[in-house]
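So you can see what is in the structure, the chains are spelled out below.
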Amino acid sequence: MGRRDLTPESIVRLEADAVVVLDQRRLPDEEVELRCASAAEVADAIRALAIRGAPAIGVAAAYGLALAAQQGKDLDAAYDMLASSRPTAVNLRWALDEVRDDPTPARARGLHEVEVERCRSMGQNAVALLAERAAQAAPLHVLTHCNTGALATGGYGSALGAIRTAWEAGLVGHVWVGETRPLLQGARLTAWELEALGIPFSVIVDGAAGSLMAAGDVDAVLTGADRIATNGDVANKVGTYGLAVAAARHEIPFHVVAPTSTLDPSASTGGHIPIEERDPAEISTRFPAHNPAFDVTPADLVSTIVTEEGVHRAPYESSLPSPVRVVS
Ligand code: MRU
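Since the structure is predicted, the reported quantities are computational estimates derived from the model, not experimental observations.

Trainee: Got a minute to help me understand the pattern of salt bridges in this structure?
Mentor: Once their charged atoms are close, side chains differing in charge can pair, the charge on each being opposite to the other. Taken as a whole and assessed by the stated rule, the structure comprises 18 salt bridges. One salt bridge in this structure joins E15 and R35, with 2.9 Å as the shortest N-O distance. Here E15, found in the loop between β1 (12–14) and β2 (19–22), pairs with R35, found in strand β3 (residues 33–36); they are 20 residues apart in sequence, far enough to count as distant. Taking relative accessible area as the criterion, E15 reaches 25% and is therefore assigned partly exposed. Residue class for R35 comes out partly exposed when judged on its relative accessible area of 43%. D101 is the partner of R107 in a salt bridge, and the nearest nitrogen-oxygen pair spans 3.3 Å. Overlapping salt bridges bring together R13, E15, D17, E33 and R35 as one network.

Here is the structure:
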């Protein structure tokens, strides 16, 4: 498989006896598939970040439940195991709930297709938004964090998909890619995707973002989200909050691009969003370490939230849609 073949099926798919994922831990050096022969193995793959990114883990979990159904397994146990594999991205539970009453391969594949279509719609919505900014400063230099591309969404991408659509429209000239400590989703995965797409980019250390903004080298920041509260507070990969603070200081638009499957109607503020604590060994095996994997950016630092339904602005309580069901 070559990088140019990053199709939805190459990222995650359901086969007769397994859920197969492109193992994101091995990228960019090796393109290796991981076969998960049970829902438990899918949950392990999600926990270990073999597959990661909020929409992508939702799709993988839906396939995991469909696999459990094919194998005649206890579906409630499979649901609980998959739902608890990672705590912050609400897409995981949303996707499981979408397929729970009918966990057939067709239903899970339909959910995967819809999530990828949503990415393309978000891209179109973001282009209209970025065109306003590009009227002042084209082509734009945009900064992004973590990986929100095809790998993170099961195909195409949310924030990175929007950057891709905007680049194709001639609006983007350069992408600053934050490394994203500690697991380097930016330096390993976003860089790999942008290189394959031929989009000009530079990897920066996370700490360089503020001074680039101060120097006038950043026209907009685009990130994804793992869960969005009804007031517009956004949980995303740790480091996002600091970027939003710096962007506000320099009056740089800060856009969050995420499908409605990332909206959590049961969280009224970011304070209700569980933040995953990961193994300190991901940071240091020699010294004590503290490893929160996500942070919450308050809504007042978010210029817009772009979903497949449109571009939403404060007050988010009234502007955000409800999560859109795959089967209504
Ligand atoms: O820990 P990860 O790599 O799963 O974290 C992913 C992120 O924080 C992404 O920015 C988020 O899921 C949005 S992906 C479209």
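Structure shown, so let's carry the discussion forward.
Trainee: Help me understand the pairing of strand β6 (residues 201–204) in this model?
Mentor: It is a general feature of regular strands that their side chains alternate between the two faces of the sheet. Where strand β5 (residues 172–178) meets β6, four bridges bridge the pair, whose relative direction is parallel. Along β6, the bridge assignment pairs V177 with V203. Each parallel crossover has a hand, and the one from β5 via helix α9 (residues 185–197) to β6 is right-handed.

Trainee: Teacher, can you tell me more about the site of the ligand here?
Mentor: What surrounds the ligand is a group of 18 residues, the closest being R52, R86, D226, N236 and K237. R52 places a side-chain nitrogen or oxygen 2.4 Å from an oxygen atom of the ligand. One of the side-chain N or O atoms of D226 is found 2.8 Å from an oxygen atom in the ligand. Relative to its free-state accessible area of 410 Å², the ligand is covered by the protein chains to the extent of 99%. For the shell around the ligand, the secondary-structure elements that each account for two or more residues are α3 (54–70), α7 (150–153) and β9 (234–237). Class assignment for the residues of the shell around the ligand results in six nonpolar, eight polar and four charged. The residue makeup of the shell around the ligand includes at least three contributed by each of domain 1 (8–113) and domain 2 (123–319).

Trainee: Can you help me understand the domain arrangement of the chain in this one?
Mentor: By a widely used convention, the size of an interface equals the accessible area lost when the partners come together. Here the domain parsing of the chain yields domain 1 (8–113) and domain 2 (123–319). If you average the C-alpha positions of domain 1 and of domain 2, the two centres end up 24 Å apart. On the domain 2 side, the residues contacting the 25 residues of domain 1 number 28 residues. Summed over both sides, the interface between domain 1 and domain 2 buries roughly 2100 Å², with carbon and sulfur atoms accounting for 57% of that surface. If you sort the residues of domain 1 by the area they bury against domain 2, R52, T88 and V90 come out on top, with a joint share of 28%. Across the pair R86 and E276 runs a salt bridge whose closest N-O atoms are separated by 2.8 Å. Taken together, the links from domain 1 to domain 2 amount to 15 residue pairs in polar contact (both at pLDDT 80 or more). Elements represented by at least two residues in the side of domain 1 that touches domain 2 include exactly α1 (8–11), α3 and α5 (91–99). Here the element with the most residues in the side of domain 1 that touches domain 2 is α3; it accounts for three residues.

Parameters at a glance
Residues numbered from 1 in each chain as written. Predicted model: local features only at pLDDT ≥ 70, side-chain atom pairs only at ≥ 80, totals over all residues. Heavy atoms only, no water. Salt bridge = Lys/Arg side-chain N within 4 Å of Asp/Glu carboxyl O. Helix = DSSP H or I, 4+ residues; strand = E, 2+ residues; numbered from the N terminus. Buried < 20%, exposed > 50% of the residue type's maximum accessible area, 1.4 Å probe, protein only. Pairing = 2+ DSSP bridges. Right-handed = clockwise from strand over helix to strand, strands pointing away. Near = heavy atom within 4 Å. Polar contact = N/O pair within 3.5 Å; in protein donor to acceptor, adjacent residues only side chain to side chain. Areas by Shrake-Rupley, 256 points an atom, 1.4 Å probe, with all protein chains shown as cover. Nonpolar A, V, L, I, M, F, W, Y, C, P; charged D, E, K, R; others polar. Domains from an automatic or database assignment. Contact = heavy atoms within 4.5 Å. Buried area = accessible area lost by both parts, 1.4 Å probe.

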